[in-house]
Amino acid sequence: MTVLLSLQHISRRFGGLLALDDVSLDFAARARYCVIGPNGAGKSTLANVICGAVRPSAGRVLLDGAEITGRSPHRIARRGIARKFQVPSCFPEASVGTNLRIAAESPAARSRIAAGATPPALADVLAVTGLADLARTTASELPHGRRQWLEIGMALVTAPKLLLLDEPSAGLTDDETLATARMIDELCGEMTVIAIEHDMRFVEAVGGEVIVLHQGAVLRRGTFDEVRADHTVQDVYLGRSAR
Ligand SMILES: Nc1ncnc2c1ncn2[C@@H]1O[C@H](COP(=O)(O)OP(=O)(O)OP(=O)(O)O)[C@@H](O)[C@H]1O
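Scoring rules and cut-offs
- Residues numbered from 1 in each chain as written.
- Predicted model: local features only at pLDDT ≥ 70, side-chain atom pairs only at ≥ 80, totals over all residues.
- Heavy atoms only, no water.
- Pairing = 2+ DSSP bridges.
- Helix = DSSP H or I, 4+ residues; strand = E, 2+ residues; numbered from the N terminus.
- Buried < 20%, exposed > 50% of the residue type's maximum accessible area, 1.4 Å probe, protein only.
- Axes fitted to C-alpha atoms, helices over the stretch in contact; angles between N-to-C directions.
- Parallel < 35°, antiparallel > 145°, perpendicular 65-115°, else oblique.
- Left-handed = near helix turned anticlockwise from the far one by under 90°.
- Contact = heavy atoms within 4.5 Å.
- Nonpolar A, V, L, I, M, F, W, Y, C, P; charged D, E, K, R; others polar.

Notes on the pairing of strand 2 (residues 17-28)
When a strand is regular, its side chains alternate between the sheet's two faces.
Okay, step 1: Here strand 1 (residues 3-14) runs beside strand 2; their pairing, made up of eight bridges, is antiparallel. Its bridge partner being in strand 2, Phe14 is matched across the sheet by Leu17.
Okay, step 2: Hairpin geometry of strand 1 and strand 2 is characterised by an intervening segment of two residues between the two adjacent antiparallel strands and by a positive phi of about 60 degrees at Gly15.

Structure follows, in structure tokens:
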């Protein structure tokens, strides 16, 4: 496999608490992953380390073989890691199309183009995010699910190598949850997608590799079926929150 992102012996302490404990993970290019685990397992800290919001106490982060450990979020975004947070960050008074154009002009997008990346056409982004009929709609008028998709679209126009999604199915209807999983399936032809999730229906529908974190360490990684059948995973996580 071609490794896009490599986490090597990552630890992160917050005072006396070890939020990440010697985590080593490789993520392949153009693949999809879901990171699951109980509350406090270290999922957000892992995402924060990847995108530069949190500096690891130990270990290295490599993107395409180049070390990015401890770089600022802006510099990491310019290297091709885009993150969509749970809380929307689009411009509410601007239209869907304008929001996408603003994101396409961002420093991250410009750096990616300068590095030789080809950003997708806005029409393609509107199509893949299911927003083709809503390009002129003001973002604040979008229902929650569509606004989440706009946020994904705003990440896509920066031509990322890696798209990091924080609980992408939170607050979505069942249909929207499945549509988001299908969207990820389409996107991972172009980029790696890592979703931090709680909703096991979504994790199943995404269908990529599942990484289970527990107490800051990787408890298990495998297919959805492998992870679901694992007794330790059932004990620490699935027994409490799966269907
Ligand atoms: N900035 C911080 N300062 C102190 N402790 C922190 C900080 N960020 C995270 N932690 C602690 O690190 C541990 C892991 O937290 P993290 O948010 O990464 O877990 P999580 O798996 O994302 O949990 P959740 O599913 O509840 O969001 C928790 O015990 C949390 O309280």
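Let's talk about unusual backbone geometry
Okay, step 1: One non-glycine residue, Ala159, lies in the positive phi region at around 50 degrees.
Okay, step 2: Here Ala159 is to be found in the loop between helix 6 (144-156) and strand 7 (162-166).
Okay, step 3: The class of Ala159 is buried, set by a relative accessible area of 11%.

Let's talk about the packing of helix 3 (residues 96-104) against helix 6
Okay, step 1: Running from amino to carboxyl end, helix 3 crosses helix 6 at an angle of 30 degrees, the nearest separation of the two axes being 8 Å. In terms of orientation, helix 3 and helix 6 fall into the roughly parallel class. Read as a crossing pair, helix 3 and helix 6 show a hand that is right-handed. Residues Val96, Asn99, Leu100 and Ala103 of helix 3 touch helix 6, and the partners they reach there are Leu150, Gly153 and Met154.
Okay, step 2: Classifying every residue of the contact of helix 3 with helix 6 gives five nonpolar, two polar and no charged.

Some points on the pairing of strand 10 (residues 217-222)
Okay, step 1: Two strands pair when backbone bridges link them, and strand 9 (residues 209-214) and strand 10 are joined in this way by five bridges, in the antiparallel orientation. Its bridge partner being in strand 10, Ile211 is matched across the sheet by Arg221.

Some points on the sheet that holds strand 9
Okay, step 1: Pairing in this open sheet of six strands is mixed, and the strands run 6-7-8-3-9-10 from one edge to the other. The open sheet is flanked by strand 6 (81-84) and strand 10, the only strands paired with a single partner. The mean angle between the axes of side-by-side strands here comes to 20 degrees, regardless of whether they run parallel or antiparallel.
Okay, step 2: Contacts from helix 1 (residues 43-51) reach strand 3 (32-36), strand 6, strand 7, strand 8 (192-196) and strand 9 within the one sheet, and its direction differs from that of strand 6 by about 145 degrees.

Geometric descriptors of this kind do not, in isolation, establish any biological role.
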